[in-house]
Amino acid sequence: MLQPDSNWRWYYDHQHDRLALLLGDMLFLTPYRTKHLAYTVSGEESFDLQDLEVYSQIANQLEHCCLPLSAAQQTQLAINVCAVQRFHKPLMPKSWFFTRNETGGHHHRLAWLSTAEHRAKVWVVEDNHSSCLCLLLDDQLPLGTGKAMGQFEAIRVMPDCLEPCFEQQPLRKLA
């Protein structure tokens, strides 16, 4: 996983029509367009202490969950969570797309969201007991009526729409 530094800068990449993070000499494009952002990002904004705190929390949470992600995928998830928490417009719950569960919730920030025909893994960004902000981890989740969520798209749902996801832990050999 990449370690943040003081050279990281947020900006809106008009060429790609996406919020971007300049990582020194590398560029990371988020999936978030202007319509997803709470305000227009003009110029560059530093990757600040709040971003660093969120990024570090995600890195720590990823160490404790068994999600099989490469270091690059972990970095991608952490940066998208930072982007959503800092720049995304507030969302109202859209729970009507999903089946409700008696045992709602998440496990180490991982959960399943299920429609009548599909099931997808999500990362719970925020859980305030009345609703949960989630990012889709799978490539896509069809919602019906021609709509579909794309990877890392944000959605807010009621907690009973989530089903805890228990990933299999790899067996570790003890010396």
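Data block above holds the structure.
Residues numbered from 1 in each chain as written. Predicted model: local features only at pLDDT ≥ 70, side-chain atom pairs only at ≥ 80, totals over all residues. Heavy atoms only, no water.

**Observations regarding unusual backbone geometry**
Working step 1: We note that Arg109 has phi near 70°; this positive angle belongs to a residue other than glycine.
Working step 2: What makes Arg109 partly exposed here is its relative accessible area of 23%.
Working step 3: Although it is not a glycine, His129 sits at a positive phi angle of roughly 70°.
Working step 4: Tracing the backbone shows His129 in the loop between β6 (119-127) and β7 (132-136). (Buried < 20%, exposed > 50% of the residue type's maximum accessible area, 1.4 Å probe, protein only. Helix = DSSP H or I, 4+ residues; strand = E, 2+ residues; numbered from the N terminus.)

**Points about the pattern of salt bridges**
Working step 1: Going through the model one piece at a time under the given rule, you end up with seven salt bridges.
Working step 2: Of the charged contacts, one joins Arg33 and Asp17 as a salt bridge, the two residues approaching to 2.8 Å between their closest N and O atoms. Highlighted residues: Arg33 in the loop between β3 (26-29) and β4 (45-46) and Asp17 in the loop between β1 (8-13) and β2 (18-23), separated in sequence by 16 residues.
Working step 3: A relative accessible area of 30% places Asp17 in the partly exposed class.
Working step 4: For Asp160, the salt bridge identified is with Arg100, shortest N-O distance 3.3 Å. Of the two residues, Asp160 is situated in the loop between β10 (154-157) and β11 (162-164) and Arg100 in the loop between α2 (71-87) and β5 (110-114); the sequence distance between them amounts to 60 residues.
Working step 5: With a relative accessible area of 28%, Asp160 lands in the partly exposed category. (Salt bridge = Lys/Arg side-chain N within 4 Å of Asp/Glu carboxyl O.)

**Thoughts on the packing of aromatic side chains**
Working step 1: Evaluated as defined, the whole model comprises eight aromatic pairs.
Working step 2: Seen from their ring centres, Phe47 and Tyr55 are 6.1 Å apart, and the 80° between their planes marks the pair as edge-to-face.
Working step 3: Overall, the relative accessible area of 9% leaves Phe47 in the buried class.
Working step 4: Taken together, a centroid distance of 5.6 Å and an interplanar angle of 40° make the contact between Trp96 and Phe97 tilted.
Working step 5: The class of Phe97 is buried, set by a relative accessible area of 16%.
Working step 6: In this arrangement the basic side chain of Arg119 is found over the ring face of Trp112, its NZ or CZ atom lying 4.2 Å from the centre. (Phe/Tyr/Trp six-rings, centres within 6.5 Å; stacked < 30°, edge-to-face > 60°. Lys NZ or Arg CZ within 6 Å of the ring centre and 35° of its normal.)

**Describing the environment of Asn128**
Working step 1: Tracing the chain through its elements places Asn128 in the loop between β6 and β7.
Working step 2: Take Asn128: its relative accessible area is 38%, and that puts it in the partly exposed class.
Working step 3: Here the alpha-carbon distance between Asn128 and Pro159, two residues 31 residues apart in the chain, equals 8.9 Å.
Working step 4: Here the side chain of Asn128 touches Ser131 through a polar contact of 2.9 Å, landing on its backbone nitrogen. (Polar contact = N/O pair within 3.5 Å; in protein donor to acceptor, adjacent residues only side chain to side chain.)

**Overview of the nonpolar core**
Working step 1: If you look at the biggest cluster of nonpolar residues, it comprises 34 residues, and the most contacted ones within it are Trp10, Leu19, Leu21, Ile79, Val81, Trp123 and Leu135.
Working step 2: Looking at this core, the elements with two or more residues in it are β1, β2, α1 (49-64), α2, β6 and β7.
Working step 3: With eight residues, the single largest contributor to this core is α2.
Working step 4: Formed by 17 residues, the second largest nonpolar core is a distinct cluster that contains Val124, Cys132, Cys134 and Val157. (Core = buried A, V, L, I, M, F, W, Y, C linked by side-chain atoms within 4.5 Å.)

**Examining the pairing of strand β8 (residues 140-144)**
Working step 1: Where β8 and strand β9 (residues 147-150) come together, four bridges link them in antiparallel fashion. For Leu141, the partnering residue across the bridge sits in β9 and is Met149.
Working step 2: The antiparallel hairpin formed by β8 and β9 contains two residues in its connecting segment, where Thr145 sits at a positive phi of about 50°. (Pairing = 2+ DSSP bridges.)

Geometric values such as these leave the question of function open.
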